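# Structural description and commentary
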Amino acid sequence: MSKKPSYEELEQRVLELELAESERILMDEAARNTSDLLSLFIKDSPIYSFLKKVSQKESKVLLVSDNYIDMCGIPASEMVGKTMGELFPHEFAAKITHDDIDAINNRKKLKLYEELNGKHYITYKFPISQGEGEYLAGYTIDITDLEQTREDLVHIFNMSLDMICIADINTATFLKVNSAFTNILGYSQEELLNKPFLDFIHPEDLDETVDIIKNKLQIGAKVINFDNRYRCKDGSYRWLSWVSHANVGKGLTYAIARDITESKKVEESLRESERKYRNLYHYAHVGLFETSLKNGKIVACNQRYCDLAGFPNIESAIGKDVLQLYENPADREKIKNILREQGYISDHVIQIKNCTTGELLWVEFSARIDSSTDIAEGTIMDITGRKQAEEEKLKLQERLSRAERMESLGILAGGVAHDLNNVLGVVLGHAELLLLKADELSSTRHSLKSIMKGGQKAAAIVDDLLTLARRGVARRDVLNLNTIVVDCQQSPEIESLLLHHPSVKIKTELESDLLNISGSSVHLGKSLYNLISNASEAMPKGGTVTIKTTNQYLDKPVHGYDKIDDGDYVVLSVSDEGEGIDEADTKRIFEPFYTKKVMGKSGTGLGLAVVWGTVKDHQGYINIQSKVGKGSTFTLFFPVTRKQFPTKHISATISEYMGNGESILIVDDVQEQREIATVILEELNYSVSSVKSGEEAVAYLKENQVDLMVLDMIMDPGMDGLETYKSVLEFYPEQKAIVVSGFSESNRVKAVQSLGAGTYVKKPYVIEKIGLAVKEELNRAR
């Protein structure tokens, strides 16, 4: 018999699998008794199995499987108990006996290639010790059909639609590739074989592939799945999905790859669609949410919904009761009923309450029920701006109508006043001449005095008409409303008024460092008197008239009786505790001769018309707050002037807060506020720079250092004062700052101060206040 080593590689995988299983079976059975072994080998054995007893001289058959006759031509029963010399020709028997004894003596396994009766076989033998005997177990496999199998495998290898290759795991080179491999990548066999396969891998996938080779294939991982991109001959790349198995002992890896380029494109397209949908969902300007019909709890929502509802993030919103956001309980029931009856609700306008700030927002609510999932899907869209715009439009139309009406009445009043002046001039002139000529005892003297007194009252009415019709103050001076209030309070007119209303008291609350305005003291004094007079008339049972002045900075427009633009103002308010004014009267209260008083007993009906005209002449605004039975407050807003500052308050102590050239950065989104702060601080000997946003402040301070920041609290859009200060502290933790705002001290102001900022200064700017605040913060130890 001759060996056939050319079959080795072709049969290796099949034989090793069968070898492992057979070896385990034979080793186990050798330890059992002969009858058990016989049962194992004889019953339906798929291979030629045998058991021999071996001595130093001969090898004798103890057991063989029933199918052994197919190989040797000798029945199993005739082989049992026979030596090799009794069964086979001398030369063949001698070789077998020699091999058996060698296996026993050296305790080694044998693998033999044999040819018998024109067929080819592989025989495996294993030494076994049992008691005092030495045994040899084994089996023989017919490999005659192996060559045909090899040809079939080669055919399958080349016909496969999947890419198949064998590679050297140590040198990372191709050893064999199939036709699909060359067809898909466009290379010839010569361009691939013995070439490093790492050279064909996309640079972005190279590190991961090398890691797989080193940490998986080279240490014997059985089956590995991974994807990477391979370069085609035309320079393009295709995605391949690999299944690889390594034979570490032989230094080989066997791999199958499938071209998944198109599926990758589909996958990427799906990912992109999912990304777009996710972005559309999460970053939509409309609040989106899903709630469970079982308990009404939120199960999903986007960030816009959280922003409107007041939740800091999506996680904090999950599990909350969706209807608790709606301010009006009746809205909650209405929504439930509509959804229950129709299964959907569209563009339902309701008001919700932000659960963090308490702010009320108008929204359009829409929802539908998905009965298959017991989920209600809905949207809320913020229409607060639209509602405010609608309301503002109505108010604007009302203000425009009122202004046109007042303008028409002013023109009419001017014409009437002009004609009345001419008439009254004649009447009073002649009356005064007659009074001079009349004897002291004349009976006509009393009548003439009555004519004069009535004419003077008519002249006062004409003067009010002229004030209403004038529409503009010819002379403007820098004034302080505190002075006007004090002068008015001490005037004979007020003394006379209080004599007629002895149960009325006047109280003043005047801001000590009130800023100045530009205007006419005569007109302003007369307007103040008219407001005090009206307030006194409104309290027939007595009460207190409160006159108040204050500085106020409006960061955004205020919508009231007038639309008050943002800016710096000196505010004058006159409040009473009287009967109040109903809404219908409020809309017409400034019209000439529109009054509920008895004409001739309580004024002329022009008092508030004069107030309205005076405020408009001073480019100011009016606001009214009144409730029937609760009293009224008239608030007048006058623009601040910076033409002159009240130096008498600072001349003696200005040295206390003069600077020494320290650098200051002003951060404010309003140009006028930056300019006035710059003027004040430069006057106080500081080096001043300014920026218009928190973002610009952060960028500026990354390149420059300053001794102090003057930080506006509210800046829109962008970072506010708190966010700006937090960002600055990240790279300059010792930065000093003071905080300014037109609003009262808020929680966010306190938060800035808790981080290390100093004094809070309320706008509008007053030189003494801001000067002392800056000086105090610069001197404060950190």
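Residues numbered from 1 in each chain as written. Predicted model: local features only at pLDDT ≥ 70, side-chain atom pairs only at ≥ 80, totals over all residues. Heavy atoms only, no water.

### Observations regarding the overall build of the protein
Each helix and strand counted, the protein has 26 helices and 29 strands in total. The buried share of the protein, taken over its 782 residues, is 44%. Sequence-distant contacts, at least 24 apart, represent 57% of the contacts inside the protein between residues at least 6 apart. Looking at the protein as shown, the accessible area adds up to about 41900 Å², and 52% of this sits on carbon and sulfur atoms. (Helix = DSSP H or I, 4+ residues; strand = E, 2+ residues; numbered from the N terminus. Buried < 20%, exposed > 50% of the residue type's maximum accessible area, 1.4 Å probe, protein only. Contact = heavy atoms within 4.5 Å. Areas by Shrake-Rupley, 256 points an atom, 1.4 Å probe, with all protein chains shown as cover.)

### What to know about the sheet that holds strand S9 (residues 237-247)
With antiparallel pairing, the five strands of this open sheet are ordered in space as S7-S6-S10-S9-S8. The open sheet is flanked by strand S7 (173-177) and strand S8 (224-231), the only strands paired with a single partner. The average angle at which neighbouring strand axes cross in this sheet is 35°, direction not considered. Docked against the sheet, helix H10 (residues 203-215) engages S8 and S9, running at close to 145° with respect to S8. (Pairing = 2+ DSSP bridges. Axes fitted to C-alpha atoms, helices over the stretch in contact; angles between N-to-C directions.)

### Some remarks on the sheet that holds strand S3 (residues 110-116)
Adjacent strands of a sheet pair through backbone hydrogen bonds, lying either parallel or antiparallel. Strand order in this open sheet of five strands is S2-S1-S5-S4-S3, and the pairing throughout is antiparallel. What marks the edges here is a single partner per strand, and that holds for strand S2 (59-64) and S3. Across this sheet, the average inter-strand angle for adjacent strands is 30°, counted without regard to direction. Of the strand pairs in this sheet, strand S4 (residues 119-130) and strand S5 (residues 133-142) are connected by 10 bridges, and their pairing is antiparallel. By the bridge assignment for S5, Lys125 is matched with Gly138.

### Description of the environment of Val706
Along the chain, Val706 turns up in the loop between helix H23 (694-703) and strand S27 (708-712). On the basis of relative accessible area, Val706 is assigned to the buried category, the value being 7%. Spatially, the C-alpha atom of Val706 lies 7.9 Å from that of Glu662, the residues being 44 residues apart in sequence. Val706 has contacts with Ser663, Leu665, Tyr700, Leu701 and Gln735, leaving out every residue within four places of it along the chain.

### Some points on the pairing of S3
Regular strands have side chains that alternate between both faces of the sheet. For S3, a buried count of five out of seven residues is recorded, marking the element as mostly surrounded by other parts of the structure. The pairing of S3 with S4 spans seven bridges and is antiparallel. By the bridge assignment, Lys111 is partnered in S4 with Tyr124. Here S3 folds back onto S4 in antiparallel fashion, the turn holding two residues, of which Asn117 has a positive phi close to 55°.

### Observations regarding the packing of aromatic side chains
Tallied over the entire structure, the rule returns 14 aromatic pairs. Aromatic pair Phe174 and Phe197: ring centres 5.8 Å apart, planes at 55°, arrangement tilted. Residue Phe174 is found in strand S7, and its partner Phe197 is found in the loop between helix H9 (189-192) and H10; the two are separated by 23 residues along the sequence. Neither residue differs from the other here; Phe174 and Phe197 are each classed as buried. Here the aromatic residues Phe174, Phe181, Tyr187, Phe197, Phe200, Phe226, Tyr230 and Trp242 are joined through ring pairs into a cluster of three or more. (Phe/Tyr/Trp six-rings, centres within 6.5 Å; stacked < 30°, edge-to-face > 60°.)

### Side note on the pairing of strand S6 (residues 163-168)
Counting buried residues in S6 gives five out of six residues, a clear majority hidden from the surface. Note: S6 against strand S10 (residues 252-259), six bridges, orientation antiparallel. Among the inter-strand pairings, Met163 is bridged to a residue of S10, identified as Ala257. Pairing geometry for S6 and S7, over four bridges, is antiparallel. Bridge assignment links Ile166 to a residue of S7, and that residue is Lys176.

This is a description of form; function is not addressed.
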